[in-house]
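Results of the structural survey
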4 protein chains.
Amino acid sequence: MSPAHMTQGKGIHLCMPSDARESAAKRLAVAKGHLEGVLRMLGEGDVYCVDVMRQLKAVMGALDKARDVVLEGHLRNHVATAQTRGDGQEIVAELMGVLKYR
Amino acid sequence: MSPAHMTQGKGIHLCMPSDARESAAKRLAVAKGHLEGVLRMLGEGDVYCVDVMRQLKAVMGALDKARDVVLEGHLRNHVATAQTRGDGQEIVAELMGVLKYR
Amino acid sequence: MSPAHMTQGKGIHLCMPSDARESAAKRLAVAKGHLEGVLRMLGEGDVYCVDVMRQLKAVMGALDKARDVVLEGHLRNHVATAQTRGDGQEIVAELMGVLKYR
Amino acid sequence: MSPAHMTQGKGIHLCMPSDARESAAKRLAVAKGHLEGVLRMLGEGDVYCVDVMRQLKAVMGALDKARDVVLEGHLRNHVATAQTRGDGQEIVAELMGVLKYR
């Protein structure tokens with residue numbers, strides 16, 4: 001459990017908003033289907049490297065977009081409200097840990 | 001079918017080397033399992049955004065490594081041998097299309 | 001002038017905190033020196049491609065870190081306080097515009 | 001001096017082609033001017049974080065494009081000709097070192 005998740009034992013429990021959860025899940029399900037397609041390609045003997053890289057690029061693009069959905073929901077619902085809760089330092093340090101060196 | 005794939009109708013058919021295929025498939029199978037874990041997390045009501053982003057970052061790291069395996073096999077087996085086959089212009093233009101703006 | 005910058009005409013003017021400004025400027029000055037070194041390399045006839053790419057990678061790493069300094073200051077000083085000011089929607093939409101498709 | 005640079009002591013000296021050198025230098029000079037603009041912004045007291053991040057994103061985009069010019073020249077002039085010279089293993093390993101985990 002992450003520090004900001006429990007906001008310093010104040011019993012506040014931050015959860016992902018359900019619209020972001022559904023939107024991210026939908027995108028990730030599509031990415032998973034795409035990834036399964038790449039695995040099938042690799043099972044065939046005559047697959048061409050550049051075709052595989054192109055498909056992988058598309059899968060990564062889909063994951064990037066899913067991540068942006070999660071990030072936007074987090075910023076809106078948890079970061080923008082941090083001063084009110086009083087856990088701004090923790091929530092920003094935690095978020096920087098996921099964002100940096102990306 | 002990509003231009004370099006058929007190397008200008010000379011009937012040369014470039015295929016992914018089997019060791020790169022197996023190594024990439026192994027990594028992608030792990031990434032797929034990881035992605036399924038993220039989808040399960042999103043199915044639960046009390047998932048935390050930063051935990052989802054952390055997991056997605058790990059999945060993307062696995063895809064990046066799988067891509068590097070494919071890229072290295074391509075460079076070694078198809079790009080480094082291009083002058084001998086005579087399709088250097090095509091194979092480089094094609095590869096830049098996948099690599100740039102990455 | 002960006003929408004959140006003036007926070008909907010309420011006359012609140014968001015400025016970069018001076019410690020983030022100084023820290024980012026210091027890192028960017030180093031990156032600029034490094035970039036000038038790459039330009040000098042390119043002025044010589046016998047420079048090797050991979051050496052140039054390695055130097056450019058280092059410059060980009062330095063810019064990434066400078067950007068993280070600016071991002072962290074923004075999250076801490078402007079995003080985490082958005083609910084209090086009442087401009088959460090605008091400030092998050094604006095930030096997503098810079099972060100996504102990165 | 002990198003291993004492929006001297007191609008195993010065979011006295012072959014790989015140099016960046018002059019058109020790639022000029023094109024990369026031109027782009028990097030523009031990026032440097034842009035970066036100097038960001039440094040000037042940071043010298044002013046009332047700069048806004050998101051404006052700085054936007055400018056940095058543009059500078060990084062310019063560096064990415066300069067890198068692509070160098071990469072394309074390298075692939076075309078040095079990697080695609082590797083089998084003929086006999087240093088394919090070294091030149092690919094060296095290139096992967098700059099490309100991966102990018």
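Cut-offs applied
- Residues numbered from 1 in each chain as written.
- Chains lettered and ligands numbered in written order.
- Predicted model: local features only at pLDDT ≥ 70, side-chain atom pairs only at ≥ 80, totals over all residues.
- Heavy atoms only, no water.
- Disulfide = S-S within 2.5 Å.
- Buried < 20%, exposed > 50% of the residue type's maximum accessible area, 1.4 Å probe, protein only.
- Least-squares fit on C-alpha atoms with pLDDT ≥ 70 in both.
- Contact = heavy atoms within 4.5 Å.
- Buried area = accessible area lost by both parts, 1.4 Å probe.
- Salt bridge = Lys/Arg side-chain N within 4 Å of Asp/Glu carboxyl O.
- Polar contact = N/O pair within 3.5 Å; in protein donor to acceptor, adjacent residues only side chain to side chain.
- Nonpolar A, V, L, I, M, F, W, Y, C, P; charged D, E, K, R; others polar.
- Helix = DSSP H or I, 4+ residues; strand = E, 2+ residues; numbered from the N terminus.
- Lys, Arg positive; Asp, Glu negative; His and termini not counted.

A few words on the state of the cysteines. Counted under the stated rule, the structure contains zero disulfides over all chains. The thiol of C:Cys49 is unpaired, and the distance to the nearest cysteine sulfur, on D:Cys15, comes to 8.6 Å. Judged by its relative accessible area of 0%, C:Cys49 falls in the buried class. With a relative accessible area of 26%, D:Cys15 lands in the partly exposed category.

For the rest of this paragraph, the subject is the relation of the copies chain C and chain D. Here two copies of a chain appear, and what relates them is a rotation about an axis with a shift along it. Rotating chain C by 180° about the axis while translating it 0.0 Å along that axis superimposes it on chain D, leaving an RMSD of 0.0 Å. On the angle and the small slide along the axis, the relation comes out as a two-fold axis. A high fraction, 100%, of the interface residues of chain C reappear at the interface in chain D, so the copies pair face to face through one surface.

In this section: the interface of chain C and chain D. Contacts between chain C and chain D engage 50 residues on the former and 50 residues on the latter. Counting each side, the surface lost to burial between chain C and chain D is near 4,200 Å², with a carbon and sulfur contribution of 76%. Considering only the surface of chain C that becomes buried against chain D, C:Tyr48, C:Met53 and C:Val98 emerge as the three largest contributors, covering 17% of it. Taken together, chain C and chain D are joined by two salt bridges. Between the two partners, chain C and chain D, sit 14 residue pairs in polar contact (both at pLDDT 80 or more). Partitioning the side of chain C that touches chain D into residue classes produces 30 nonpolar, eight polar and 12 charged.

All right, on to the side chain of B:Arg21 then. By the element assignment, B:Arg21 lies in helix α1 (residues 18-43). For B:Arg21, which is buried and forms no salt bridge, the nearest opposite charge comes from B:Glu22, at a distance of 5.7 Å. There is a polar contact of 3.0 Å between the side chain of B:Arg21 and the backbone oxygen of A:Leu42. Those residues within four positions of B:Arg21 in sequence are excluded, and the remaining contacts are A:Leu42, A:Gly43, A:Glu44, A:Gly45, A:Val47 and B:Met16.

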